[in-house]
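Below, each chain spelled out in residue letters.
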Amino acid sequence: MSRLLHLSDTHFGTELPGVQDALERLVACVRPEVLVLSGDITQRATAAQFARAHAWLARLPVPHRLVIGGNHDIPLFDLAERLRHPYRRLSAAFGPEREPRLDLPGWQVLALDTTRWWRHRDGTLSRRQIARTADALQAAAPGQIRVVVTHHPLQVTRSGDEVHRPTHHRKALSAWAGAGADLLLSGHIHLPAVVPVAVEPLPAPPGAEPRPPRRVWSIQAGTAVSRRLREGIPNTVMLLEALSGERHGRLCRCETWQCPPEGGAFRRVASQLLALSPLRG
(Lines give C-alpha, C1' and ligand atoms only; values in the text may rest on other atoms or scores of the structure.)
Protein backbone atom coordinates (compact mmCIF):
# COMPACT_ATOMS: atom_id res chain seq x y z
CA MET A 1 0.00 0.00 0.00
CA SER A 2 1.20 3.47 -0.87
CA ARG A 3 -0.27 6.52 0.86
CA LEU A 4 -0.31 10.20 0.00
CA LEU A 5 -1.16 12.82 2.63
CA HIS A 6 -2.74 15.98 1.20
CA LEU A 7 -2.79 19.12 3.31
CA SER A 8 -3.32 22.75 2.44
CA ASP A 9 -3.57 26.25 3.87
CA THR A 10 -1.20 25.84 6.81
CA HIS A 11 -0.97 29.66 7.02
CA PHE A 12 2.10 29.74 9.25
CA GLY A 13 1.79 32.84 11.36
CA THR A 14 -1.66 31.62 12.43
CA GLU A 15 -0.73 28.01 13.20
CA LEU A 16 -2.20 26.08 16.15
CA PRO A 17 0.54 24.23 18.07
CA GLY A 18 -1.85 21.60 19.40
CA VAL A 19 -3.04 20.75 15.89
CA GLN A 20 0.55 20.65 14.63
CA ASP A 21 1.40 18.13 17.34
CA ALA A 22 -1.66 16.05 16.46
CA LEU A 23 -0.73 16.02 12.78
CA GLU A 24 2.80 14.91 13.62
CA ARG A 25 1.33 11.96 15.52
CA LEU A 26 -0.97 11.13 12.60
CA VAL A 27 1.95 11.10 10.16
CA ALA A 28 3.93 8.83 12.47
CA CYS A 29 0.94 6.47 12.64
CA VAL A 30 -0.16 6.26 8.98
CA ARG A 31 3.36 6.67 7.49
CA PRO A 32 2.53 8.21 4.10
CA GLU A 33 5.01 7.82 1.27
CA VAL A 34 4.18 11.27 -0.14
CA LEU A 35 3.14 14.57 1.44
CA VAL A 36 1.53 17.24 -0.74
CA LEU A 37 1.03 20.79 0.57
CA SER A 38 -1.15 22.67 -1.93
CA GLY A 39 -0.36 26.26 -1.07
CA ASP A 40 -0.89 29.09 1.38
CA ILE A 41 2.04 27.84 3.39
CA THR A 42 2.22 31.16 5.23
CA GLN A 43 -0.14 33.92 6.25
CA ARG A 44 1.93 36.91 5.09
CA ALA A 45 4.93 35.44 3.24
CA THR A 46 7.51 36.63 5.76
CA ALA A 47 10.90 34.98 6.01
CA ALA A 48 10.16 33.98 9.61
CA GLN A 49 6.88 32.30 8.66
CA PHE A 50 8.53 30.37 5.83
CA ALA A 51 11.30 29.29 8.20
CA ARG A 52 8.77 27.94 10.73
CA ALA A 53 6.90 26.10 7.99
CA HIS A 54 10.09 24.55 6.61
CA ALA A 55 11.29 23.46 10.06
CA TRP A 56 7.95 21.84 10.89
CA LEU A 57 7.66 19.99 7.58
CA ALA A 58 11.25 18.75 7.97
CA ARG A 59 10.23 17.05 11.23
CA LEU A 60 7.60 14.93 9.51
CA PRO A 61 8.94 11.46 8.61
CA VAL A 62 7.75 11.39 4.99
CA PRO A 63 10.12 10.19 2.22
CA HIS A 64 8.76 12.50 -0.50
CA ARG A 65 7.39 16.04 -0.16
CA LEU A 66 5.85 18.28 -2.78
CA VAL A 67 5.11 21.88 -1.76
CA ILE A 68 3.67 24.69 -3.86
CA GLY A 69 2.82 28.28 -3.06
CA GLY A 70 -0.55 29.95 -2.78
CA ASN A 71 -1.66 33.54 -3.04
CA HIS A 72 -0.73 34.15 0.61
CA ASP A 73 2.87 33.13 -0.17
CA ILE A 74 3.46 36.33 -2.14
CA PRO A 75 4.16 39.42 0.00
CA LEU A 76 1.04 41.56 0.25
CA PHE A 77 2.16 44.62 2.20
CA ASP A 78 5.87 44.59 1.25
CA LEU A 79 5.23 46.18 -2.14
CA ALA A 80 8.89 46.45 -3.14
CA GLU A 81 9.41 42.73 -2.57
CA ARG A 82 6.14 41.88 -4.32
CA LEU A 83 7.09 43.88 -7.41
CA ARG A 84 10.76 42.89 -7.67
CA HIS A 85 11.07 39.45 -6.09
CA PRO A 86 7.58 38.07 -5.35
CA TYR A 87 8.71 34.44 -4.97
CA ARG A 88 12.14 34.97 -3.41
CA ARG A 89 11.15 34.01 0.14
CA LEU A 90 9.19 30.97 -1.05
CA SER A 91 12.16 29.82 -3.14
CA ALA A 92 14.62 30.39 -0.30
CA ALA A 93 12.63 28.05 1.93
CA PHE A 94 11.49 25.38 -0.52
CA GLY A 95 13.71 25.66 -3.59
CA PRO A 96 13.47 27.48 -6.90
CA GLU A 97 11.14 25.00 -8.64
CA ARG A 98 7.64 26.42 -8.32
CA GLU A 99 6.01 23.57 -10.24
CA PRO A 100 7.58 20.40 -8.81
CA ARG A 101 6.63 16.89 -9.82
CA LEU A 102 7.05 13.38 -8.45
CA ASP A 103 7.27 10.13 -10.37
CA LEU A 104 6.94 7.07 -8.16
CA PRO A 105 5.78 3.53 -8.98
CA GLY A 106 2.29 4.23 -7.63
CA TRP A 107 1.96 7.97 -8.17
CA GLN A 108 2.54 10.62 -10.77
CA VAL A 109 2.11 14.00 -9.06
CA LEU A 110 2.23 17.19 -11.13
CA ALA A 111 2.01 20.56 -9.38
CA LEU A 112 1.10 23.85 -11.03
CA ASP A 113 1.50 27.43 -9.84
CA THR A 114 -1.85 29.18 -10.21
CA THR A 115 -0.69 32.36 -8.47
CA ARG A 116 0.35 35.55 -10.24
CA TRP A 117 2.23 38.33 -8.46
CA TRP A 118 -0.20 40.97 -9.68
CA ARG A 119 -3.24 39.14 -8.29
CA HIS A 120 -4.15 39.34 -4.62
CA ARG A 121 -6.42 36.30 -4.43
CA ASP A 122 -7.55 34.94 -7.79
CA GLY A 123 -5.78 32.22 -9.73
CA THR A 124 -4.74 31.72 -13.34
CA LEU A 125 -3.74 28.82 -15.57
CA SER A 126 -1.96 29.58 -18.81
CA ARG A 127 -2.48 27.63 -22.01
CA ARG A 128 1.16 26.58 -21.84
CA GLN A 129 0.69 25.15 -18.34
CA ILE A 130 -2.38 23.24 -19.49
CA ALA A 131 -0.65 21.78 -22.54
CA ARG A 132 2.55 20.87 -20.70
CA THR A 133 0.59 19.09 -17.99
CA ALA A 134 -1.51 17.15 -20.51
CA ASP A 135 1.68 15.95 -22.22
CA ALA A 136 3.11 14.78 -18.89
CA LEU A 137 -0.10 12.95 -17.98
CA GLN A 138 -0.07 11.08 -21.26
CA ALA A 139 3.51 9.97 -20.55
CA ALA A 140 2.64 8.44 -17.15
CA ALA A 141 3.28 4.76 -16.52
CA PRO A 142 0.22 2.47 -16.57
CA GLY A 143 0.50 1.65 -12.86
CA GLN A 144 0.55 5.25 -11.67
CA ILE A 145 -2.37 7.20 -10.24
CA ARG A 146 -2.19 10.51 -12.08
CA VAL A 147 -2.53 13.51 -9.79
CA VAL A 148 -2.59 17.24 -10.61
CA VAL A 149 -2.10 19.71 -7.75
CA THR A 150 -3.14 23.37 -7.82
CA HIS A 151 -3.75 25.86 -5.06
CA HIS A 152 -6.95 27.24 -6.58
CA PRO A 153 -9.64 24.58 -7.11
CA LEU A 154 -10.79 23.61 -10.59
CA GLN A 155 -14.09 22.35 -9.20
CA VAL A 156 -16.13 23.72 -6.30
CA THR A 157 -19.22 22.54 -4.47
CA ARG A 158 -20.90 25.89 -3.78
CA SER A 159 -21.92 28.55 -6.25
CA GLY A 160 -20.42 31.28 -4.09
CA ASP A 161 -16.97 29.73 -4.56
CA GLU A 162 -17.05 29.81 -8.37
CA VAL A 163 -14.96 33.00 -8.27
CA HIS A 164 -12.08 31.01 -6.79
CA ARG A 165 -11.64 28.78 -9.85
CA PRO A 166 -8.61 29.82 -11.92
CA THR A 167 -9.00 31.25 -15.39
CA HIS A 168 -9.14 28.60 -18.16
CA HIS A 169 -10.26 25.97 -15.63
CA ARG A 170 -12.75 24.43 -18.08
CA LYS A 171 -10.09 24.01 -20.75
CA ALA A 172 -7.75 22.50 -18.15
CA LEU A 173 -10.38 20.02 -16.97
CA SER A 174 -11.10 18.83 -20.51
CA ALA A 175 -7.44 18.59 -21.50
CA TRP A 176 -6.30 16.80 -18.36
CA ALA A 177 -9.22 14.39 -18.21
CA GLY A 178 -8.56 13.47 -21.83
CA ALA A 179 -4.89 12.93 -21.00
CA GLY A 180 -5.71 10.53 -18.16
CA ALA A 181 -5.83 12.60 -14.96
CA ASP A 182 -7.38 10.75 -12.03
CA LEU A 183 -7.25 13.17 -9.08
CA LEU A 184 -7.22 16.97 -8.81
CA LEU A 185 -5.91 18.18 -5.44
CA SER A 186 -6.41 21.75 -4.25
CA GLY A 187 -7.04 24.02 -1.28
CA HIS A 188 -7.62 27.79 -1.04
CA ILE A 189 -11.27 27.80 0.05
CA HIS A 190 -10.75 25.99 3.40
CA LEU A 191 -13.58 23.52 2.80
CA PRO A 192 -12.84 19.79 2.51
CA ALA A 193 -14.64 18.01 -0.32
CA VAL A 194 -14.42 14.90 -2.49
CA VAL A 195 -16.37 15.39 -5.71
CA PRO A 196 -16.64 13.25 -8.86
CA VAL A 197 -16.53 15.37 -11.99
CA ALA A 198 -17.76 14.11 -15.36
CA VAL A 199 -15.60 16.03 -17.80
CA GLU A 200 -16.59 16.57 -21.39
CA PRO A 201 -13.55 15.91 -23.61
CA LEU A 202 -12.09 18.35 -26.09
CA PRO A 203 -13.55 18.06 -29.64
CA ALA A 204 -12.24 15.02 -31.51
CA PRO A 205 -10.12 15.54 -34.64
CA PRO A 206 -11.98 15.42 -37.97
CA GLY A 207 -12.96 11.85 -38.80
CA ALA A 208 -12.30 10.52 -35.29
CA GLU A 209 -15.02 9.05 -33.12
CA PRO A 210 -16.23 11.33 -30.31
CA ARG A 211 -14.95 10.36 -26.87
CA PRO A 212 -17.37 9.90 -23.97
CA PRO A 213 -17.08 11.99 -20.81
CA ARG A 214 -14.41 10.86 -18.37
CA ARG A 215 -14.68 11.02 -14.61
CA VAL A 216 -12.00 12.62 -12.48
CA TRP A 217 -12.09 13.27 -8.73
CA SER A 218 -11.70 16.73 -7.24
CA ILE A 219 -10.27 16.52 -3.71
CA GLN A 220 -10.09 19.69 -1.65
CA ALA A 221 -8.21 19.72 1.63
CA GLY A 222 -9.48 21.91 4.44
CA THR A 223 -7.48 24.09 6.82
CA ALA A 224 -4.51 21.99 7.93
CA VAL A 225 -3.03 23.55 11.08
CA SER A 226 -4.24 27.17 11.07
CA ARG A 227 -6.89 28.94 13.12
CA ARG A 228 -8.31 30.31 9.84
CA LEU A 229 -11.24 27.87 9.83
CA ARG A 230 -14.36 28.32 7.73
CA GLU A 231 -17.96 27.64 8.71
CA GLY A 232 -16.92 25.89 11.90
CA ILE A 233 -15.31 22.96 10.07
CA PRO A 234 -12.36 21.58 12.10
CA ASN A 235 -8.80 21.37 10.85
CA THR A 236 -8.85 18.79 8.07
CA VAL A 237 -6.38 16.78 5.97
CA MET A 238 -6.95 14.09 3.34
CA LEU A 239 -5.23 10.71 3.19
CA LEU A 240 -5.14 8.87 -0.15
CA GLU A 241 -4.22 5.22 -0.55
CA ALA A 242 -3.45 3.57 -3.87
CA LEU A 243 -5.10 0.16 -4.13
CA SER A 244 -3.89 -2.47 -6.54
CA GLY A 245 -5.64 -5.44 -8.05
CA GLU A 246 -6.80 -5.94 -11.61
CA ARG A 247 -9.86 -7.85 -10.39
CA HIS A 248 -11.55 -4.71 -9.08
CA GLY A 249 -10.17 -2.15 -11.53
CA ARG A 250 -8.33 1.04 -10.65
CA LEU A 251 -9.15 2.18 -7.11
CA CYS A 252 -8.05 4.76 -4.59
CA ARG A 253 -9.24 5.12 -1.01
CA CYS A 254 -9.74 8.70 0.22
CA GLU A 255 -10.01 9.33 3.96
CA THR A 256 -10.94 12.62 5.64
CA TRP A 257 -9.18 13.25 8.98
CA GLN A 258 -10.15 16.08 11.33
CA CYS A 259 -8.86 17.58 14.57
CA PRO A 260 -10.49 20.17 16.86
CA PRO A 261 -8.60 23.49 16.95
CA GLU A 262 -7.67 22.97 20.59
CA GLY A 263 -5.67 19.92 19.54
CA GLY A 264 -5.89 16.36 20.78
CA ALA A 265 -5.90 13.95 17.86
CA PHE A 266 -6.82 13.72 14.21
CA ARG A 267 -9.67 11.28 13.75
CA ARG A 268 -10.96 9.67 10.58
CA VAL A 269 -14.45 11.03 9.90
CA ALA A 270 -15.05 9.70 6.38
CA SER A 271 -13.68 7.09 4.02
CA GLN A 272 -14.57 6.74 0.35
CA LEU A 273 -13.51 4.21 -2.24
CA LEU A 274 -12.88 6.11 -5.47
CA ALA A 275 -13.28 4.19 -8.72
CA LEU A 276 -10.79 5.61 -11.20
CA SER A 277 -11.63 5.69 -14.89
CA PRO A 278 -9.95 3.11 -17.13
CA LEU A 279 -6.93 4.34 -19.02
CA ARG A 280 -7.45 4.89 -22.71
CA GLY A 281 -5.26 3.24 -25.21
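All values derive from a computational prediction rather than experimental measurement.

Give a description of the sheet that holds strand E5 (residues 107-111) that names residues and reports values.
Here we have six strands laid out as an open sheet, ordered E4-E5-E6-E7-E9-E8, and mixed in their pairing. Two strands bound the open sheet, and with one partner strand each, they are strand E4 (101-103) and strand E8 (193-199). Each strand axis lies, on average, 20 degrees off the axis of its neighbour in the sheet, ignoring direction. In terms of strand pairing, E8 meets strand E9 (residues 214-220) through seven bridges, oriented antiparallel. Bridged to Val199 within E9 is Arg214. Helix H5 (residues 127-138) contacts E4, E5 and strand E6 (145-149) of the sheet and is inclined by roughly 175 degrees relative to E5. Running at roughly 85 degrees to E8, helix H6 (residues 169-179) makes contact with E6, strand E7 (183-186), E8 and E9 of the sheet.

I'd like a description of the sheet that holds strand E2 (residues 34-38), backed by residues and values.
Spatially, six strands are ordered E3-E2-E1-E10-E11-E12 in an open sheet, and the strand pairing comes out mixed. In the strand order of this sheet, the two ends are held by strand E3 (64-68) and strand E12 (267-275), each with one partner. Pairwise comparison of adjacent strand axes, ignoring direction, gives a mean angle of 20 degrees for this sheet. Here strand E11 (residues 251-259) pairs with E12 via eight bridges, running antiparallel. Bridging from a neighbouring strand, Glu255 pairs with Ser271 of E12. In the packing of helix H2 (residues 47-59) onto the sheet, the strands contacted are strand E1 (2-7), E2 and E3, and the crossing angle to E3 comes to about 155 degrees.

Explain unusual backbone geometry to me, using residue names and the numbers behind them.
One non-glycine residue, Asp9, adopts positive backbone phi at about 55 degrees. With respect to the helices, strands and loops of the structure, Asp9 is situated in the loop between E1 and helix H1 (17-30). Although it is not a glycine, His11 sits at a positive phi angle of roughly 45 degrees. With respect to the helices, strands and loops of the structure, His11 is situated in the loop between E1 and H1.

Any chance you could break down the side chain of Ser8 for me, citing the residues and the numbers?
With respect to the element layout, Ser8 can be found in the loop between E1 and H1. Overall, the relative accessible area of 0% leaves Ser8 in the buried class. Within the local environment of Ser8, its side chain forms a polar contact with the side chain of Asp9, the two groups lying 2.8 Å apart.

Describe the packing of H5 against H6, with residues and values.
Look at H5 against H6: their axes get within 8 Å of each other, and the N-to-C directions meet at 15 degrees. Taken together, the axes of H5 and H6 are roughly parallel relative to one another. Both H5 and H6 take part in a crossing whose hand is right-handed. For the pair formed by H5 and H6, the contact residues are Arg127, Ile130, Thr133, Ala134, Leu137 and Gln138 on the first element and Lys171, Ala172, Ala175, Trp176 and Ala179 on the second. Classifying every residue of the contact of H5 with H6 gives seven nonpolar, two polar and two charged.

Can you tell me about the nonpolar core, naming the residues and giving the values?
Grouped together as the largest cluster of nonpolar side chains are 32 residues, with contacts concentrated most on Leu5, Leu7, Leu23, Leu35, Trp56, Val237 and Phe266. Elements with a minimum of two residues in this core: E1, H1, E2, H2, helix H4 (88-94), strand E10 (235-243) and E11. It is H1 that provides the largest number of residues to this core, a total of six residues. When sequence neighbours within four positions are dropped, the list of residues in contact with Leu5 reads Leu23, Val27, Pro32, Val34, Leu35, Val36, Val237, Met238 and Leu239. Core analysis: the next-biggest nonpolar cluster, separate from the first, contains 26 residues, Ala221, Met238, Ala242 and Cys254 among them.

Quick rundown of the state of the cysteines? Include the residues and the values.
Applying the stated rule across the entire model yields zero disulfides. The structure places no disulfide on Cys29, whose sulfur is separated from the nearest cysteine sulfur, that of Cys259, by 14 Å. This cysteine, Cys254, is not joined by any disulfide, and Cys252 carries the nearest cysteine sulfur, 6.7 Å off.

Could you give me a rundown of the pairing of E6, with the residues and numbers involved?
Most of E6 is tucked away: five of the five residues are buried. Burial along E6 is two-sided: the residues Ile145, Val147 and Val149 and Arg146 and Val148 are all buried. Judged from the five bridges that link them, E5 and E6 form a sheet pairing that is parallel. Residue pairing across strands places Leu110 opposite Val148, the latter belonging to E6. Since E5 and E6 lie parallel, the crossover through H5 that links them has a hand, and here it is right-handed.

So, how was this worked out
Residues numbered from 1 in each chain as written. Predicted model: local features only at pLDDT ≥ 70, side-chain atom pairs only at ≥ 80, totals over all residues. Heavy atoms only, no water. Pairing = 2+ DSSP bridges. Helix = DSSP H or I, 4+ residues; strand = E, 2+ residues; numbered from the N terminus. Axes fitted to C-alpha atoms, helices over the stretch in contact; angles between N-to-C directions. Contact = heavy atoms within 4.5 Å. Buried < 20%, exposed > 50% of the residue type's maximum accessible area, 1.4 Å probe, protein only. Polar contact = N/O pair within 3.5 Å; in protein donor to acceptor, adjacent residues only side chain to side chain. Parallel < 35°, antiparallel > 145°, perpendicular 65-115°, else oblique. Left-handed = near helix turned anticlockwise from the far one by under 90°. Nonpolar A, V, L, I, M, F, W, Y, C, P; charged D, E, K, R; others polar. Core = buried A, V, L, I, M, F, W, Y, C linked by side-chain atoms within 4.5 Å. Disulfide = S-S within 2.5 Å. Right-handed = clockwise from strand over helix to strand, strands pointing away.

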